[in-house]
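What the coordinates show
The primary structure of each chain is shown beneath.
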Protein chains: 2
Amino acid sequence: MVCSDDGIHFHQPEGYPLLQGEGEDEAFGIEDCRVVLIEGTYHLTFTAVSGHGVGVGMRTTKDWKTFEKQGMMIPPHNKDCAIFEERINGKYYALHRPSSVSLGGNYIWLAESPDGIHWGNHKCLIKTRKNKWDSKRVGAGAAPIKTAEGWLEIYHGANADHQYCLGAFLMDLNDPSKVIAQTDEPIMQPEADYELSGFFGHVVFTNGHLVNGDELTIYYGAADEFVCAAKFSIQHILAHLKYNHAT
Amino acid sequence: MVCSDDGIHFHQPEGYPLLQGEGEDEAFGIEDCRVVLIEGTYHLTFTAVSGHGVGVGMRTTKDWKTFEKQGMMIPPHNKDCAIFEERINGKYYALHRPSSVSLGGNYIWLAESPDGIHWGNHKCLIKTRKNKWDSKRVGAGAAPIKTAEGWLEIYHGANADHQYCLGAFLMDLNDPSKVIAQTDEPIMQPEADYELSGFFGHVVFTNGHLVNGDELTIYYGAADEFVCAAKFSIQHILAHLKYNHAT
């Protein structure tokens, strides 16, 4: 675990445990942790990998020293789970990404919950798009960002060549099952050497960010090897959305 | 829909709607409906099939005339969902069967719920067994049967040749995440002509039953073509269980 005062320079603090896989469902490890602060409790959702399959695990903490295990939140095959940072009309919401063995695909779904632990009423939100940069798989990044226009989600998409870029979509503020806009083109694509080549080249993949007014700092993995940061203007991203006037 | 006074002779009553797929998530239809009566409300869980994937849909009814849609209970890829007919220490439980695109397999999982609608704390219960009749996939039948020894579940298993048989396992009465026994051999296998050949031959597959004292009437699909019934003694099934003394 690392911490920072400015979001750019990090150091390893003493007395904080390393997060690692524990128990049968995490036997092969945990990956791609998203963190949201909901009503004073940090909710960590991560990919839990084991011989049982690949699902979404959850732990909660208030102090980053003691963690409460909440079990497997969404069963296999599932990844890329991002919980909304506040309740909407009393309900918790989360984005997640099932994968299908037949029919369906690697699509982004929405779930709702009365308590942030148990989930239901799953709905398919964002599908892959033929002949585009997100033709093969899509998955949520970090928690949706609340804006005046709606809940803004930065997501990753990959094409058939496993090249990962970032895009964005916008959900209705009062009913996030309504997708009202989406970017046509990526808002970020691998360009730098360290993004184009590495452990898994041609990848930018985010699961964390900081919001400071209009400034969005996206933390992202480059080529599955480096952790990087990139700054965006939220208004600039919103301006690139293409509204779906049909819905 | 059909009804019966004796469980053997059926007729089609008037004034009851046909259950069929409705909405985007059921565009290709609904299949293999399980029904449980919980506190006066019938909970129907079924496989919902569409271009979004194959998941578990839920509807509830009190009178079989009006139905309340509870959305998709468990997201793709998932089938074979059987809810327990009573709460255990205040919680609802359900068996379900995810399928995995990598790691894991076609295993039976357990989920818990505070309200019977939203589910979490998923745990892998029953895995396929190498070189046995249930080597390729397993899935729950109807609701677990409460016995003095534990919750008895009749399940289907298939081998690599897609030959389906029925077996049984037993869960702890107070904590169904503990599997305490399982049958080694099938309790039923395709033998009759109408089980061995048909739309999908060599299949017996159950998702409904009646319990009357020790008598268990299992309703099952034969060769994916006929609906049949077979009577069992619950004590006889229990006697065939092999207890797992390690747990």
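Residues numbered from 1 in each chain as written. Chains lettered and ligands numbered in written order. Predicted model: local features only at pLDDT ≥ 70, side-chain atom pairs only at ≥ 80, totals over all residues. Heavy atoms only, no water.

A few points about the environment of E39 of chain A
All names here are of chain A. Structurally, E39 is set in the loop between β3 (29–38) and β4 (41–50). Excluding residues within four positions of it along the chain, E39 makes contact with R87 and Y92. At 3.4 Å, the side chain of E39 forms a polar contact with the side chain of Y92. (Helix = DSSP H or I, 4+ residues; strand = E, 2+ residues; numbered from the N terminus. Contact = heavy atoms within 4.5 Å. Polar contact = N/O pair within 3.5 Å; in protein donor to acceptor, adjacent residues only side chain to side chain.)

Considering the sheet that holds strand β14 (residues 204–212) of chain B
All names here are of chain B. Pairing within the open sheet is antiparallel, and its three strands lie in the order β14-β15-β16. Unpaired on one side and paired on the other, β14 and β16 (226–233) mark the two borders of the sheet. This sheet shows a mean twist of 25° between the axes of neighbouring strands, independent of strand direction. In this structure, strand β15 (residues 215–222) lies alongside β16, joined through eight bridges in antiparallel fashion. Bridge assignment links Y219 to a residue of β16, and that residue is A229. (Pairing = 2+ DSSP bridges. Axes fitted to C-alpha atoms, helices over the stretch in contact; angles between N-to-C directions.)

Some details on the relation of the copies chain B and chain A
Here chain B sits on chain A after a turn of 180° about the axis and a move of 0.0 Å along it, with an RMSD of 0.0 Å. As the rotation angle and translation indicate, the two copies are arranged about a two-fold axis. An overlap of 100% is found between the interface residues of chain B and their copies at the interface of chain A, pointing to a shared contact surface. (Least-squares fit on C-alpha atoms with pLDDT ≥ 70 in both.)

Examining the side chain of R59 of chain A
Residues and elements named next belong to chain A. Within the fold, R59 resides in strand β5 (residues 53–61). A polar contact of 2.9 Å, which involves the side chain of R59, links it to the backbone oxygen of Q20. At 2.5 Å, the side chain of R59 forms a polar contact with the side chain of E26.

So, the confidence of the model for chain A
Note: predicted coordinates in regions of low pLDDT should not be interpreted at a detailed level. Residues with a pLDDT of 70 or more make up 99% of chain A, whose mean pLDDT is 96. Reported for the predicted complex are a pTM of 0.95 and an ipTM of 0.94. (pLDDT = per-residue confidence, 0-100.)

With respect to the pattern of salt bridges
One pass over the full model with this rule turns up 24 salt bridges over all chains. We note a salt bridge from K69 of chain B to E22 of chain B, for which the minimum N-O separation is 2.7 Å. Here K69 of chain B, found in strand β4 (residues 67–74), pairs with E22 of chain B, found in the segment before β1 (29–38); they are 47 residues apart in sequence, far enough to count as distant. By sharing partners, the salt bridges in this structure join R129, K132, D134, D184 and K242 of chain A into a single network. (Salt bridge = Lys/Arg side-chain N within 4 Å of Asp/Glu carboxyl O.)

Notes on the pairing of β4 of chain A
Residues and elements named next belong to chain A. Where burial is concerned, most of β4 is hidden: nine out of the ten residues are buried. Pairing of β3 with β4 involves eight bridges; the strand directions are antiparallel. The partner of I38 across the bridge, within β4, is T41. Counted along the chain from β3 to the antiparallel partner β4, the turn is two residues long, and its residue E39 has a positive phi close to 50°. Bridge analysis of β4 against β5 gives nine bridges, and the strand direction is antiparallel. Each residue of the ladder has a partner; that of T47, found in β5, is V56. Where β4 folds back onto β5 in an antiparallel hairpin, the turn is made up of two residues. (Buried < 20%, exposed > 50% of the residue type's maximum accessible area, 1.4 Å probe, protein only.)

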